[in-house]
Amino acid sequence: MHDNDQRYDDILNRIATRRPFGGKPRDDKPKTPHDRALDLINAYDSLASLTALYYPDVLCYGPKALRRSAWSAVAIWYHQKGYHGYRLLELLGVWATYQGTDLLLTIGRRRLPYRAPVYDAGVYHVAIQNGFTLYYEDDGGAPSAADSTLYCARFTSRDRLAHRQALTDILDNWKREMSAS
């Protein structure tokens, strides 16, 4: 009887650790402090809610988690509708970076000019849904002085609800701006 219980427990453990059919393998790597900060303010889901909506003048894609060794981000990207809308892509995102020993959260907007030598509307339409790096030659790094920083604050777990509220307010304003156009 004891062997049957062990076998049953082993089967349950295997089921719990396997990847879903057709799905990506689980990412069991330890998260960086950057990633944890973005998780604590619910950045991915907050931005995902924006891309599910219809906007009269823009096409919106994402969100996508972006990572480099010194920062992590979650961003959506969008451009004006119409044949020439591809020429300027805008990112809206949340970045977690270090400044000295402080972990900073930055919410901002960036503008990226089209950089590919040729434009093919059909290929572009398919590729832009998965990412922007190919056509805009940008890794999605944090906003610089030339970009629009909407919020920047030192991150602490204790203040995560205030950061989350700031993110919600900014995204609500963006949604109103895009819906009114």
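Residues numbered from 1 in each chain as written. Predicted model: local features only at pLDDT ≥ 70, side-chain atom pairs only at ≥ 80, totals over all residues. Heavy atoms only, no water.

Trainee: Which residues make up unusual backbone geometry, and what values go with them?
Mentor: The step from Gly-62 to Pro-63 runs through a cis peptide bond, and the omega angle for that step is 0°. Turning to its location among the elements, Pro-63 is positioned in strand β1 (residues 58-67). Within the chain, Asn-42 stands out as a residue other than glycine whose phi angle is a positive 60°. Note that Asn-42 resides in the loop between α2 (33-40) and α3 (43-51). On the accessibility criterion, Asn-42 (28% relative accessible area) is partly exposed. Not every positive phi belongs to a glycine, and Glu-137 is a case in point at roughly 45°. (Helix = DSSP H or I, 4+ residues; strand = E, 2+ residues; numbered from the N terminus. Buried < 20%, exposed > 50% of the residue type's maximum accessible area, 1.4 Å probe, protein only.)

Trainee: Residue-level account of the nonpolar core, with values.
Mentor: Core analysis: the largest hydrophobic core is formed by 24 residues, its most contacted members being Leu-47, Leu-50, Leu-92, Val-94, Leu-105 and Trp-174. Of all the secondary structure elements, the ones that give two or more residues to this core are α2, α3, β1, β2 (71-80), β3 (88-99), β4 (102-113) and α6 (160-180). Counting residues per element, this core draws most heavily on α6, at five residues. In contact with Val-94, not counting residues within four places along its chain, are Leu-38, Ile-41, Ala-43, Leu-47, Ser-72, Ala-73, Val-74, Leu-105, Thr-106, Ile-107 and Leu-167. (Core = buried A, V, L, I, M, F, W, Y, C linked by side-chain atoms within 4.5 Å. Contact = heavy atoms within 4.5 Å.)

Trainee: Residue-level account of the packing of α3 against α6, with values.
Mentor: The interhelical angle for the contact between α3 and α6, taken along N-to-C directions, is 15°, at an axis separation of 11 Å. When the axis of α3 is compared with that of α6, the two are roughly parallel. Between α3 and α6 lies a crossing of right-handed hand. Here Ala-43, Ser-46, Leu-47 and Leu-50 of α3 come into contact with α6, specifically with Leu-167, Leu-171, Trp-174 and Lys-175. Residues belonging to the contact of α3 with α6 are distributed by class as follows: six nonpolar, one polar and one charged. (Axes fitted to C-alpha atoms, helices over the stretch in contact; angles between N-to-C directions. Parallel < 35°, antiparallel > 145°, perpendicular 65-115°, else oblique. Left-handed = near helix turned anticlockwise from the far one by under 90°. Nonpolar A, V, L, I, M, F, W, Y, C, P; charged D, E, K, R; others polar.)

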